[in-house]
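Each chain, letter by letter, is given below.
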Amino acid sequence: MKSKIVLLGPPGSGKGTQGEKLSEEMGYVRLSTGDMLREAVRNGTELGMKAKGYMDSGALVPNDLIIDLMKEKISTLEPGTGVIFDGFPRTVEQADALGEQIEIDLALNLDVADCELVERLTKRRSCPECHCVFHLTHNKPRQEGVCDKCGSLLYQRDDDCDETVCNRLEVYRKNTLPLIDYYERKGILVTVEGTGKMDEIFAKVKEAVR
């Protein structure tokens, strides 16, 4: 079983969902830069304040901020721990920096068409308290606008608005898409079709991991 995995794919491709399922069912530690950055923003840390402007506009947070954050997390891991990197690296520079810290066994790329990505992201709603995520078409809350789990009012993230979503996809194509070639040259890239039923996608993900 692969122990150090990078999840690739555009915003809305399901990296978070598949990473969580791998963590729950197969014991991986999931390191999500998105979650770590949003936590830093909520807590008002220095890193969070620096990153907020970039995140709200859909731009990439600068490499030095992300790399320092991830290095700090990696340093806390026990030897031999199975790890999934979700949302990192996002540039070749970040991939080089990651490779200096840890050897990646598998780069798993979730492939989803742009039209599907826009639909997923613009209709996504999030809980500010327990961080559950819903979708207005595919995963509606039982009560409109209210979190099923904790009863908090749901909201649309700033980076899930129409204009920002289009910018995020353009940023992905420009900065992150080269990572597919980067890991393919290393012989560790596997691409999985990210459209369809969640369990069917996860079955293909598990096959790639094993």
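Note: the structure precedes this text.
Residues numbered from 1 in each chain as written. Predicted model: local features only at pLDDT ≥ 70, side-chain atom pairs only at ≥ 80, totals over all residues. Heavy atoms only, no water.

Asker: Before we move on, can you summarise the sheet that holds strand β7 (residues 189-193) with the specific residues and values?
Answerer: The strand order across the open sheet built from 5 strands is β2-β3-β1-β4-β7, with neighbouring strands paired in parallel fashion. Lying at the two open borders of the sheet, with one neighbouring strand each, are β2 (29-32) and β7. Mean inter-strand twist for the sheet, computed between neighbouring axes without regard to direction, equals 20°. In this structure, strand β1 (residues 4-8) lies alongside strand β4 (residues 106-111), joined through 4 bridges in parallel fashion. Looking across to β4, one finds that Ile 5 is bridged to Leu 106. Its contacts with the sheet place helix α1 (residues 15-26) against β1, β2, β3 (83-86) and β4, and it is angled at close to 170° to β3. (Pairing = 2+ DSSP bridges. Helix = DSSP H or I, 4+ residues; strand = E, 2+ residues; numbered from the N terminus. Axes fitted to C-alpha atoms, helices over the stretch in contact; angles between N-to-C directions. Contact = heavy atoms within 4.5 Å.)

Asker: Outline the packing of helix α5 (residues 92-101) against helix α8 (residues 178-185), listing residues and values.
Answerer: Two numbers describe how α5 lies on α8: the axes approach to 9 Å, and their chain directions differ by 40°. In this structure, α5 contributes Val 92, Ala 95, Asp 96 and Leu 98 to the contact, and α8 contributes Pro 178, Leu 179, Tyr 182 and Tyr 183. For the contact of α5 with α8, a count of residues per class yields 7 nonpolar, no polar and 1 charged. (Nonpolar A, V, L, I, M, F, W, Y, C, P; charged D, E, K, R; others polar.)

Asker: Tell me what's going on with the environment of Gly 58, and back it up with residues and numbers.
Answerer: The residue Gly 58 is located in the loop between α3 (46-57) and α4 (63-74) in this model. For the pair Gly 58 and Gly 16, spaced 42 residues apart in the sequence, the C-alpha separation amounts to 17 Å.

Asker: Give me the lowdown on the side chain of Asn 63, citing residues and values where you can.
Answerer: Summarising the element assignment, Asn 63 is placed in helix α4. Once residues within four sequence positions are removed from consideration, Asn 63 is found in contact with Thr 91, Glu 93 and Gln 94.

Asker: Describe in detail the pairing of β4, supporting the description with residues and values.
Answerer: Every other side chain in a regular strand lies on the same face of the sheet, so the side chains alternate between the two faces. For β4, a buried count of 5 out of 6 residues is recorded, marking the element as mostly surrounded by other parts of the structure. Where β4 meets β7, 5 bridges bridge the pair, whose relative direction is parallel. Looking at β7, one finds that Ala 107 is bridged to Leu 189. (Buried < 20%, exposed > 50% of the residue type's maximum accessible area, 1.4 Å probe, protein only.)

Asker: Give a detailed account of the pattern of salt bridges, specifying residues and quantitative values.
Answerer: What the rule picks out here adds up to 15 salt bridges. For Arg 142, the salt bridge identified is with Asp 148, shortest N-O distance 3.7 Å. Among the salt bridges present, the one from Asp 159 reaches Arg 157, with a minimum N-O distance of 2.9 Å. By relative accessible area, which is 11% here, Arg 157 ends up buried. Ionic contacts of the salt-bridge type, sharing partners, join the residues Lys 21, Glu 25, Asp 199 and Lys 206 into one network. (Salt bridge = Lys/Arg side-chain N within 4 Å of Asp/Glu carboxyl O.)

Everything listed here is a matter of geometry and, on its own, says nothing about what the molecule does.
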